[in-house]
Each structure stands twice: as structure tokens, then as C-alpha cells.
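Architecture and fold: a report
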Amino acid sequence: MKIIYKIHNYYPDTNQISVSFCNLKSREPIDSYASRGVDCHDLDMFDLESFSESLVNKSGLRRIEIQEDKLDVIKENTPEEIQGKFEIQNIVGKVICVKRFNRKIQILHMRRVEL
Amino acid sequence: MMIQKFIKKCEEFVLCGGYGDANGIFTDGFPDNNAIYHIITKGCVKMGRPFESKFIELDAKSNNFVDVKDYLYSQRVYTSSSPYHMFGFNAIDPNQMWDGRLVRDSFDGDDNSWLICFKGEPIINNILLKPMDYAKLKNKHYDVYLNDALVGVFTKV
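Note that the coordinates shown come from a computational prediction; the quantities given were computed from them, not determined experimentally.

Brief notes about the overall build of chain A
- Of the regular secondary structure elements, chain A holds two helices and six strands.
- Helices (α) and strands (β) of chain A occur, in sequence order from the N terminus, as β-β-β-α-α-β-β-β.
- By the compact-globule yardstick of 13 Å for 115 residues, chain A fits well, its C-alpha radius of gyration being 14 Å.
- Its C-alpha atoms put chain A at 45 × 30 × 25 Å along the principal axes.
- Counting the 115 residues in chain A, one finds 27% classified as buried.
- The contacts in chain A between residues at least 6 apart in sequence include a share of 54% that link residues at least 24 apart.

Considerations on the sheet that holds strand β5 (residues 105–107) of chain A
- With respect to topology, six strands assemble into an open sheet ordered β5(A)-β1(B)-β2(B)-β9(B)-β4(B)-β7(B), the strand pairing being mixed. Only two strands of the sheet have a single neighbouring strand rather than two, namely β5 of chain A together with β7 (65–67) of chain B. Going from strand to strand, the sheet's axes swing by 25° on average, the running direction of each strand aside.

Section: the pairing of strand β8 (residues 75–80) of chain B
All names here are of chain B.
- Taking every second residue as pointing to the same face, the buried face of β8 carries Arg 76, Tyr 78 and Ser 80, while none of Gln 75, Val 77 and Thr 79 on the other face is buried.
- In this sheet, β8 lies alongside strand β3 (residues 25–29) in antiparallel orientation, the contact comprising five bridges. Across the sheet, residue Phe 26 finds its bridge partner in β8, namely Tyr 78.
- Examined bridge by bridge, strand β5 (residues 44–48) and β8 share four bridges and lie antiparallel to one another. Following the sheet pairing, Met 47 is matched in β8 by Tyr 78.

Concerning helix α1 (residues 48–64) of chain A
All names here are of chain A.
- Over its 17 residues, α1 runs only 20 Å from end to end, short of the ideal 24 Å by more than 12%, given 1.5 Å per residue.
- Along its length, α1 shows its largest kink, about 55°, at Val 56.
- For α1, the full list of buried residues reads Glu 49, Phe 51, Ser 52, Glu 53, Leu 55, Val 56, Gly 60 and Ile 64.

Here we look at the domain arrangement of chain B
Residues and elements named next belong to chain B.
- Once the domains are mapped, chain B shows domain 1 (3–94) and domain 2 (99–156).
- Averaged C-alpha coordinates put domain 1 and domain 2 at centres separated by 21 Å.
- Facing the 12 residues of domain 1 at the interface are 10 residues of domain 2.
- Counting residues per element, the ones that place at least two in the side of domain 1 that touches domain 2 are β2 (13–20), β4 (35–42), β7 and β9 (84–91).

Some words on the interface of chain A and chain B
- The interface is formed by 13 residues belonging to chain A together with 17 residues belonging to chain B.
- Put simply, the parts of the chain that give the side of chain A that touches chain B at least two residues each are β5 and β6 (111–112) of chain A.
- Among the residues forming the side of chain A that touches chain B, the class breakdown is seven nonpolar, two polar and four charged.
- Bridge analysis of β5 of chain A against strand β1 (residues 3–9) of chain B gives three bridges, and the strand direction is parallel. Looking across to β1 of chain B, one finds that Gln 106 of chain A is bridged to Phe 6 of chain B.

Thresholds, definitions, all that
- Residues numbered from 1 in each chain as written.
- Chains lettered and ligands numbered in written order.
- Predicted model: local features only at pLDDT ≥ 70, side-chain atom pairs only at ≥ 80, totals over all residues.
- Helix = DSSP H or I, 4+ residues; strand = E, 2+ residues; numbered from the N terminus.
- Rg over C-alpha atoms; globule rule 2.2 N^0.38 Å.
- Buried ≥ 20, exposed ≤ 12 C-beta atoms within 10 Å, placed from the backbone.
- Contact = placed C-beta atoms within 7 Å.
- Pairing = 2+ DSSP bridges.
- Axes fitted to C-alpha atoms, helices over the stretch in contact; angles between N-to-C directions.
- Expected span 1.5 Å × (residues − 1).
- Bend = angle between axes of the 7 residues up to and from the residue.
- Domains from an automatic or database assignment.
- Nonpolar A, V, L, I, M, F, W, Y, C, P; charged D, E, K, R; others polar.

Following this line, the structure appears as C-alpha cells:
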């Protein structure tokens, strides 16, 4: 199962986001799903992959479990490829795809550097 | 007994890792585990095929960077005799072969290679690296102050 999410707003003062989730193959645009507030204090902010994993574990799985997963991806839900240093402001408004690993396996925090 | 596994898909390879306690045992193998090099930064782990007498001893002090291509398509069993922290370098495409080596001194790089810092804080081309930093190399010289770090270079062949 692949999950997408879209952060509609980030509130730096409270370190919260409003975010909607749906299945990658949802027949409805992600914007049609209600966005909910999520507190970022206990999310993994190391990089995009880590952040996405922790966000989905905290909130996303629970909210998409009733959605079907055997449908094609519609244009509006096609996720973007994000590269470079992770900055949460840079992903606000973008569709991000999260590939779920076995929950027993965590993300190895690696940082690409230029030598 | 505690075992925690980690994984990270990078641009051209996948690095997996794990740590655990002494007297641990776990199995892993193709297609989930494509490791062709094991790097161990703490402790001792034995790895082999189930029911074979032959095995490899991974030891952070004496055998810490080990070519395990011979086990690529095998089921593997791992046992630890002490608390350990180890990694596996995996090709995304198991048919793609890589040569790996430890960095011991300054060297000339090439654009088919990736460098990974597994332990310590080396200084390479005046950049201070931290554990789990990695870089794509270029066709140029790299000045290395190893500072007792464990650094590997992996080259597509």
C-alpha cells in the first residue's frame, strides 16, 4: 500500500501542520479529503523520508485504512520527486508518496554530502 | 534479546543496518537481503548458510569490512556473541556488481563510486563527515584525514 499526503498549512508558532492523506490510487483528488491538524513535536524531522514515515505512522494509516487500494493513480495525485536538503516549508502544497516498509524496520538516517 | 533493523534506499544502492544484543540469532536472505558487503562497527557476528559448517566471522576489531558476494542469493543465518552494530551494502539491482574497499589514505576518486562513512569523524577534502554521511565521488583527488574513522568506497563495475 502506498500513501500520499499533502500539507496544506504549516504553523511555525505551534509547530503544527494541517494535512490530508489518501491512498495513492484514490479516485478522488487529495484536496477533496479533509485535512486535520497534526502536532509535529514528536515527528522525525531528520529528512523527508523519516518525516513522512513518522507522519504516516502517527496519523496517516489510521485515516486511510478504509480506502480502496486497487485503483489507478489520477493525475492530481501523482506524487512529486523531492530531492535536496529537507525543509518542511519546501514541501507544503506538494504531493508526496510514502513507500511503507515493514514497521519493524526503521529508516537509516543518512545524509548526502558533497566532497 | 533486542534486534533493531534499519534501511535506507540511496540513489544507486541500499544500505541496511542493524544492532542487537549478545547471543542473538536471526535469519535473512534473498530477495530481502541483497548485501554484498558487510561492515561491522561494534561487536562480533557470525554469518553463514543454514546447516553449513562454513561461516564468516564479522568482527569490529579484526574483520570489519567483508565481501559477502558469495552469499548474495542465499538464505543466511546470523548469530552474535556480543552486542553489535553492523551494516549491509546492497545493490538495488542484484545483477549489478560492485567492488568495495576501506579508505585508508588519500585517494583518486571516479564517478562510478560512492563513499560512505560508517563510524567516526574523518575529514575529507576539508569536509568533516559524520557517521552515515555519504557522497558520490568524482574524477578527482580526495585528501583524507581518517581520524580512526571507518569509511568505505563502493564502485560499480
